[in-house]
Amino acid sequence: MIPSAMAYLSGKQAFLEILKTEGVSVMFGNPGTTELPLMDGLAREPGIRYVLALQEAVAISMADAYAQAHGGLAAVNVHVSPGLGNAMGMLYDAYKAHSPLLLTAGQHDQSFTVTEPILWSDLPPVATPFVKWATEARRLEDLPRIVRRAVKTALAQPTGPVFLSLPVDVLNAERDNLDLLGPTRVAPRLRGDSAAIDAAAKLLVAADTPLIVAGDAVAHSDALAELVELAELIGAPVMLEGVSSTCSFPFTHPLYAGSMPRLGPGIKGLLMRHDLLFSVGGDLFTLSLPSDVDPMPPGLDVVHLDVDPWELGKNYPAAVAIQGDPKASLPELTEAVRRYAGKAGHKDAGQRREALAGKHARERDDLARRAGDEAKKSPMGPLALVHAVSQVVPDDVVVVDEAISSSAGIRNFFRCADAKSFFSLRGGGIGWGLPAALGVKLALPKRPVVALVGDGSAMYTAQALWTAAHESLAVVYVIFNNASYRILKERTKALKGFSAEDDKYVAMDLVDPVIDYVGLARSLGVAGERVEKAADVGPAVGRALASGAPALIDVRIDPSFT
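What this report covers is the structure whose coordinates are included nearby. Keep in mind the model is a prediction, meaning the values are calculated, not measured. All residue numbers refer to position in the chain's written sequence, counted from 1. Given that this is a predicted model, residues contribute local features only at a pLDDT of at least 70 and side-chain atom pairs are listed and counted only at 80 or more, while totals for whole chains, interfaces and linings are drawn from all residues. Just so you know, side-chain values use all the structure's heavy atoms and leave hydrogens and water out.

**Examining the nonpolar core**
Side chains that are nonpolar tend, in soluble globular proteins, to be buried together. Only buried Ala, Val, Leu, Ile, Met, Phe, Trp, Tyr and Cys residues count toward a nonpolar core, and they belong to the same one when joined by side-chain atoms within 4.5 Å. Relative accessibility decides the category of a residue: with a 1.4 Å probe and only protein chains considered, values under 20% of the type maximum give buried, values over 50% give exposed, and everything between is partly exposed. Formed by 73 residues in total, the largest nonpolar core has its most connected members in Phe 278, Leu 333 and Val 389. At seven residues, the largest contribution of residues to this core is made by helix α10 (residues 224-234). Residues are treated as being in contact if the distance between any of their heavy atoms lies within 4.5 Å. Among all residues touching Phe 278, those that are not within four sequence positions of it are Leu 204, Leu 211, Ile 212, Val 213, Leu 230, Val 303, Leu 305, Leu 330 and Leu 333. Here a helix means four or more residues in a row that DSSP labels H or I, a strand means two or more in a row labelled E, and each is numbered from the N terminus.

**Some thoughts on the packing of aromatic side chains**
The description of an aromatic ring pair uses the distance of the two centres, along with the angle that the planes make with each other. Side-chain rings of Phe, Tyr and Trp (the six-membered ring for Trp) are treated as a pair once their centres are within 6.5 Å; stacked means planes under 30 degrees apart, edge-to-face means over 60, and tilted covers the remaining angles. Counted under the stated rule, the structure contains seven aromatic pairs. Taking 5.5 Å as the distance between ring centres and 65° as the angle between the ring planes, the aromatic pair formed by Phe 28 and Tyr 66 counts as edge-to-face. Here Phe 28, found in strand β3 (residues 26-29), pairs with Tyr 66, found in helix α3 (residues 56-70); they are 38 residues apart in sequence, far enough to count as distant. Each of the two residues, Phe 28 as well as Tyr 66, counts as buried. Between the aromatic rings of Phe 285 and Tyr 316, the centroid separation amounts to 5.8 Å while the plane-to-plane angle is 55°, which identifies the pairing as tilted. Residue Phe 285 is found in the loop between β14 (276-280) and β15 (301-306), and its partner Tyr 316 is found in the loop between β15 and β16 (320-323); the two are separated by 31 residues along the sequence. What makes Phe 285 buried here is its relative accessible area of 11%. These aromatic residues form a ring-pair network of at least three members: Tyr 92, Tyr 95 and Phe 130.

**Some details on the side chain of Arg 411**
Here Arg 411 lies in helix α15 (residues 410-413). Nitrogen and oxygen atoms within 3.5 Å of one another constitute a polar contact, given that in protein one can donate a hydrogen and the other can accept it, and given that sequence-neighbouring residues count only through two side-chain atoms. Only 3.2 Å separates the side chain of Arg 411 from the backbone oxygen of Ser 244, close enough to count as a polar contact.

**Some details on the packing of α10 against helix α13 (residues 349-375)**
Note on geometry: axes are C-alpha line fits, over the in-contact stretch for helices, and angles between N-to-C directions span 0 to 180 degrees. Viewed as axis vectors pointing N to C, α10 and α13 meet at an angle of 110°, and their least axial separation amounts to 6 Å. By the criterion of interaxial angle, the relationship of α10 to α13 is roughly perpendicular. Taking contact as the criterion, the partners of Glu 232, Leu 233 and Ile 234 in α10 are, on α13, Ala 349, Arg 352 and Arg 353. Its residues placed into classes, the contact of α10 with α13 shows three nonpolar, no polar and three charged. Angle categories are assigned with fixed cut-offs, so that under 35 degrees is roughly parallel, over 145 is roughly antiparallel, 65 to 115 is roughly perpendicular, and the rest are oblique. Here the nonpolar group is Ala, Val, Leu, Ile, Met, Phe, Trp, Tyr, Cys and Pro; Asp, Glu, Lys and Arg are the charged ones; every other residue, Gly included, is treated as polar.

**Quick look at the pairing of β14**
The buried fraction of β14 is high, at five of five residues. The side-chain alternation of β14 yields two buried faces, one formed by Leu 276, Phe 278 and Val 280 and the other by Leu 277 and Ser 279. In this structure, strand β11 (residues 210-214) lies alongside β14, joined through five bridges in parallel fashion. From the neighbouring strand, Leu 211 faces β14, where its bridge partner is Leu 277. Here, strands pair whenever DSSP counts at least two bridges between them.

Below, the structure written as structure tokens:
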């Protein structure tokens, strides 16, 4: 611990000291001229490791995933207006994932910003749409209060990014006895209202066909065990929210029923088979495309538990809306269900569990058979590639998923069962996967990390491979190479327009020339290998894992679509 007030301190020293007392030991970034005071301060600050990205989108995605996997604050720094602009796409992903980031950008010396110098703009309004709070430090005396407030805000529920603009003159200024203040933490375990929990329990017990939707908040609060206990007690299937980025229910559990659809007709068709929907931190509903079909069937009871009051009843009214943290609130709900249903739970729970377990096993077997059929094709189908990788990775593997249109089967074949075992793209801005895997590896250095990334996504942030080599981060990248933006082709065909009639898709093929991902990886210091046959995938992944170094496996997959 350092004293609250330190004699003769510069702004750059004060900023770094505050970060250390807030628990920061890693900073991500890409520096420029306005960040030079900060970089100079880091030269004498061994307590903070600076991880260099070659582009700001890479820095943000690394920090985003690091915050999720580490379970705390991530610090990331970018360069003035263009750097913040480069960061915005990946900042959107972090914002949607509720990742607690302290994003800073250097700003010009305030003595001449009125002249609008090169690279200058008013930075906080640029960041504002995708952060919880944005401001600029104008005096060194204000810096400690602003930084402490920013960290508190980022970590308070619902968590999320914050932004600080740091002018050069503030970081270079020096003061005697500058008070660095101290950290403030808002206790995260908000317990839901007891009366609301009691009402929810009565509805759960009365339901004949309940469905549970698990949102990312379950993993973020480390409440998988609590949700499993409740689901087993009432014998309900558990699905992940439509746009999920975590393992919020064990993929291996017999009650796991996959992910919610993202289209209105599919959601409504599924919900018509249930008389109660219990959402635990899940979105209701994030849709991929517009539809004339209202996803919510009339008469369906909705119970919604979420730490963010904005989400409760946002799109559809809830019979019971509970603001609360899943880990703090689910045990009380489970006990209330036991009071009304008896110690054994719902009278039909055992029968439901048995039926759902059989369905779960049959679906996995069916997927495995389909993967076997796809393995016989040349090139292999994406499901065959997913299955082949899943068969050789260790049980403690962490999967980072940005396979996009090739992701079917990932949440079925991989044995992810804890809150830190799986991370996926939340916001939809592609290019997240390659750098995100590095953030995960930095946060969880003892666990193997395998990233499944589409070829189109990989080209957005290929610079991340250099950071993987430079930092010696042993991530295994599997590139799902269909030489196209296949998801765009699928959506364009669904329009039933000219492209569907002519079988012509403009600007959706990554050919002429074909991209050499192995050559690209090697040029950035990462070993690469190309695989053509499904039987060769497992050995290649095994070699990459055993190498203890970053590695890339480029796998050609069937580009066809329906």
